[in-house]
Amino acid sequence: MSHAAVGAPGTPRRYLHSLWLLSARDLKVRYSTSALGYLWSVLDPLVMSAIYWFVFTRVFERTVGEQPYIVFLITALLPWVWFNSSVGDFTRAFKKDARLVRSTAIPRSIWVNRIVLSKGIEFFFSLPVLAIFVVANVLLESDPAKTAHVGWGILLFPVAILLQTVLLVGLGLLVAPLCALYTDLERTTALILRALFYATPIIYSVNDLPGVFQTLGMFNPLAGIFSLYRMAFFPDQWQPELVAISALMSFAILALGIWVFRTLERPVLKEL
């Protein structure tokens, strides 16, 4: 393709074009080798939601979250899958395509950003599941107290996506080079993600935490982001201070990630 179509080397237009090609390649490879294809984007959060819904509404008496609980769960589980799968892939971002990373002149940050973009596209693919559950709840639930209502908070959905993108890019720039240099960090990251699931307000909200744990929970950058997603259906989730903390931490992690990435880029290339 001509420079006019993709931009001259080193320009933002060429970077974005390369980013899109790499992300599209990831999606094609992932779906072309799978019989279920697109359905894998929704099966994971769908199965997780069904399990937690059954446990907390049919087995145990639930004292956390809001009604309808299945919508409350899915609004956090879908972005969690985006977060979890992205961070998991960050640990292998450079090793997976080591030859291309060494041989191409594209800025190496693209190997992180293509993961954020491809997983973000999968997140968008999964949003119809949320819409289906909301519509089904409205049509089938007779109790107004247990019915989902779309409110003005839906306008904050793009803000949540933006903040999560900032957070993921920052974490990617931080995790990817460190895991390339220190291989044990790949397994360590997997353990941290497993613990982080329960330390993040997914099956509960920050308001459900007791005492000092509520204060500690507010410093989880995902807490404010997930509250923004839930604002579309649960206006009581609106906490300006929680969102402000998440925004500050997301941009702080981005700044730290940029610094670490620039510092470690040359040692990583030597290691590869």
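The present account deals with the structure reproduced in this document.

Reading the values: rules and limits
- Residues numbered from 1 in each chain as written.
- Predicted model: local features only at pLDDT ≥ 70, side-chain atom pairs only at ≥ 80, totals over all residues.
- Heavy atoms only, no water.
- Helix = DSSP H or I, 4+ residues; strand = E, 2+ residues; numbered from the N terminus.
- Rg over C-alpha atoms; globule rule 2.2 N^0.38 Å.
- Buried < 20%, exposed > 50% of the residue type's maximum accessible area, 1.4 Å probe, protein only.
- Contact = heavy atoms within 4.5 Å.
- Areas by Shrake-Rupley, 256 points an atom, 1.4 Å probe, with all protein chains shown as cover.
- Lys, Arg positive; Asp, Glu negative; His and termini not counted.
- Charge placed at Lys NZ, Arg CZ, Asp CG, Glu CD.
- Core = buried A, V, L, I, M, F, W, Y, C linked by side-chain atoms within 4.5 Å.
- Salt bridge = Lys/Arg side-chain N within 4 Å of Asp/Glu carboxyl O.

Side note on the overall build of the protein chain
For step 1, the next point in the chain: A count of helices and strands for the protein chain gives 11 helices and zero strands.
For step 2, the next point in the chain: Counted from the first residue to the last, the protein chain has its helices and strands arranged as α-α-α-α-α-α-α-α-α-α-α.
For step 3, the next point in the chain: Taking 2.2 N^0.38 as the reference for a compact globule, 272 residues should give roughly 19 Å; the C-alpha atoms of the protein chain span a radius of gyration of 20 Å, in line with that estimate.
For step 4, the next point in the chain: Each principal axis of the C-alpha atoms in the protein chain carries an extent, and together these give about 60 × 40 × 30 Å.
For step 5, the next point in the chain: Going through the 272 residues of the protein chain one by one, you find that 49% of them count as buried.
For step 6, the next point in the chain: For the protein chain, the proportion of contacts with a sequence separation of at least 24, taken over those separated by at least 6, is 77%.
For step 7, the next point in the chain: Per element, the accessible surface of the protein chain, about 14000 Å² overall, is 69% carbon and sulfur.
For step 8, the next point in the chain: The centroid of the 22 positive side-chain charges in the protein chain is displaced by 14 Å from the centroid of its 16 negative side-chain charges.

As for the nonpolar core
For step 1, the next point in the chain: In terms of nonpolar packing, the biggest core is built from 71 residues, with Phe83, Phe90 and Tyr229 touching the most fellow members.
For step 2, the next point in the chain: Elements represented by at least two residues in this core include exactly α2 (12–32), α3 (40–59), α4 (69–90), α6 (110–140), α7 (157–181), α8 (184–199), α10 (221–230) and α11 (240–271).
For step 3, the next point in the chain: In terms of residue count, α7 provides more of this core than any other element does, 15 residues in total.
For step 4, the next point in the chain: Not counting residues up to four positions away in its chain, the partners in contact with Phe83 are Gln164, Leu167, Leu168, Leu171, Leu193, Leu196 and Leu222.
For step 5, the next point in the chain: Counting five residues, the second largest nonpolar core, distinct from the first, contains Val206, Met218, Ala223 and Ile245.

Description of the pattern of salt bridges
For step 1, the next point in the chain: Overall, the coordinates contain four salt bridges when judged by the stated rule.
For step 2, the next point in the chain: Asp89 is paired through a salt bridge with Arg92; the nearest N and O atoms lie 2.8 Å apart.
For step 3, the next point in the chain: Looking at Arg92, the relative accessible area reads 36%, which means it is partly exposed.
For step 4, the next point in the chain: When the shortest N-O distance is used, the salt bridge between Arg92 and Glu186 registers 3.8 Å. One end of the pair, Arg92, is in the loop between α4 and α5 (98–103); the other, Glu186, is in helix α8, with 94 residues separating them in the sequence.
For step 5, the next point in the chain: On the accessibility criterion, Glu186 (27% relative accessible area) is partly exposed.
For step 6, the next point in the chain: Here the residues in one salt-bridge network are Asp89, Arg92, Lys119, Glu122 and Glu186, joined through shared partners.

Interpretation in functional terms is not warranted from these geometric data alone.
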